[in-house]
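# Structural overview for review
One letter stands for each residue in the lines below.
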Amino acid sequence: MISDFRSAWVAIVGLPNAGKSTLLNQLIGKDLAIISSKPQTTRNQILGIRHTETCQLLFLDTPGFYQGKMKIDAFFRQEIDRSLSEADMILYILDGKRPSLEKNKAFLDIVCANAKVPVVLVVNKLDILRDHHLIPLLSQLPELFPQVKEIIPVSAKSRRNLDKLTEIMEALVPEGPQFYPEEQFTDRGPQFLLAEFVREGLFRKTEEEVPFSIGVSVTELVETETKIVAGVTIFVEKEGQKGIVIGEDGELLNWVRKHTSMRARRFFNKKVELSLWVKVKPGWRQNDGVLKQVGLK
Ligand SMILES: Nc1nc2c(ncn2[C@@H]2O[C@H](COP(=O)(O)OP(=O)(O)OP(=O)(O)O)[C@@H](O)[C@H]2O)c(=O)[nH]1
Ligand SMILES: [Mg+2]
């Protein structure tokens, strides 16, 4: 191990759709976490690692915080709590376009009440904020959130101010070991990631309650040096949702298969062949067996 090495576990938390996963991907320079314009896209804690010669930042992406009553919601909350308890530093992401100050204050107060580590408040989506909106917002934040160590506006999408954010984080990193070798940038393998990539395609192509009723499990996987072949089961809750997911003449499912295969091919740098099946499981979000199968228990 190099002497003077520094490392920190950094939990990325915030309300749904704030841009947490977009920021994670930009900070590690990989298309790792799935992103969509719909809330509750992220369902599991996802580790993404940023390496420099002297420092390792271990980012934990988390589901967006909201109060839900189902078993699946309890799992999301657990993932957030687990990430907060493991963190040496917290990035709290606030959507500058929809700042929902009351909801953010409620969650940020919970985060800060339990945190013994520095909290950095990141105001995201700077690229679409006009000055007359941004300036009054920024001027309210120090008084509203006195517990935070730093406040910084960024655009995860356009990378604006991300160098500054990295500088702020690096100044807060304690001495610590190099937890992972340089070539490793996540602890998640193809089985988890392929299911996520399929879900990303489905989230983009379906509307209303359908994306939230979808669970994905990779049931077969064969990986060689050059190729990944996988069988994927998509769970929905109703017969009608199965029809929507398959689409007319199988068009939607076909799009998802092609989109996911291409995304996975770029990511793994291997040929990817996917077979997709859709299964109806009424109430699966309350069913321990299916929750376990789709990695949510
Ligand atoms: N204009 C703009 N859009 C952004 C920015 N960052 C994220 N987005 C968009 O915001 C939406 C949500 O992004 P995600 O990264 O999935 O947000 P998240 O916080 O991970 O969402 P959940 O996982 O659902 O909690 C997507 O449509 C992104 O393209 C940004 O800096 N600027
Ligand atoms: Mg996310």
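Predicted model only: the values in this text are computed from it and were never measured. (Residues numbered from 1 in each chain as written. Chains lettered and ligands numbered in written order. Predicted model: local features only at pLDDT ≥ 70, side-chain atom pairs only at ≥ 80, totals over all residues. Heavy atoms only, no water.)

### Structural notes on the coordination of the magnesium ion (ligand 2)
This is how the line gets drawn: Shown as donors are all N, O and S atoms within 2.8 Å of a metal ion, widened to 3.2 Å for Na, K and Ca; because water is not in the atom set, sites may appear incomplete. In this description a helix means any DSSP run of H or I spanning at least four residues, a strand means any run of E spanning at least two, and both kinds are numbered starting from the N terminus. Each residue is placed in one exposure class: buried if its accessible area under a 1.4 Å probe, protein chains only, is under 20% of its type's maximum, exposed if it is over 50%, and partly exposed if it falls in between.
At this site the magnesium ion (ligand 2) is bound by Ser-21 (OG) and Thr-42 (OG1), with donor distances of 2.0 to 2.1 Å. Of this pair, Ser-21 sits in helix H1 (residues 20–28) while Thr-42 sits in the loop between H1 and strand S2 (46–51), and the two are 21 residues apart along the sequence. Classification of Ser-21 as buried rests on a relative accessible area of 8%.

### Side note on the pattern of salt bridges
Convention followed: When a carboxyl oxygen of Asp or Glu lies within 4 Å of a side-chain nitrogen of Lys or Arg, that pair is called a salt bridge.
In total, this model carries 16 salt bridges according to the counting rule given. For Asp-288, the salt bridge is made with Lys-71, and the minimal N-O distance between the two is 3.3 Å. Here Lys-71 lies in helix H2 (residues 71–86) and Asp-288 lies in helix H9 (residues 288–293), a separation of 217 residues in the sequence. We classify Asp-288 as partly exposed; its relative accessible area is 34%. The class of Lys-71 is partly exposed, set by a relative accessible area of 39%. Across the pair Arg-77 and Asp-81 runs a salt bridge, and its minimum N-O distance is 3.4 Å. Remark: Asp-81 and Arg-77 occur in helix H2; sequence separation between them is four residues, near one turn of the helix. Taken together, the shared-partner salt bridges in this structure form one network comprising Asp-31, Glu-200, Arg-204 and Arg-263.

### Quick look at the packing of H1 against helix H5 (residues 162–171)
What counts, and what does not: Each axis is a line fitted through C-alpha atoms, and for a helix only the stretch in contact is used; angles between axes span 0 to 180 degrees, taken between their N-to-C directions. For this classification, under 35 degrees means roughly parallel, over 145 means roughly antiparallel, 65 to 115 means roughly perpendicular, and everything else is oblique. Pairs of residues are marked as contacts when any of their non-hydrogen atoms sit within 4.5 Å. Note that Gly is not counted as nonpolar here; it falls among the polar residues with everything else outside the nonpolar set of Ala, Val, Leu, Ile, Met, Phe, Trp, Tyr, Cys and Pro and the charged set of Asp, Glu, Lys and Arg.
For the pair H1 and H5, interaxial distance at closest approach is 11 Å and the crossing angle is 80°. Relative to H5, the element H1 is oriented roughly perpendicular. From H1, Leu-23, Gln-26 and Leu-27 reach across to H5, where they touch Leu-162, Leu-165, Thr-166 and Met-169. Across the contact of H1 with H5, the residue classes tally to five nonpolar, two polar and no charged.

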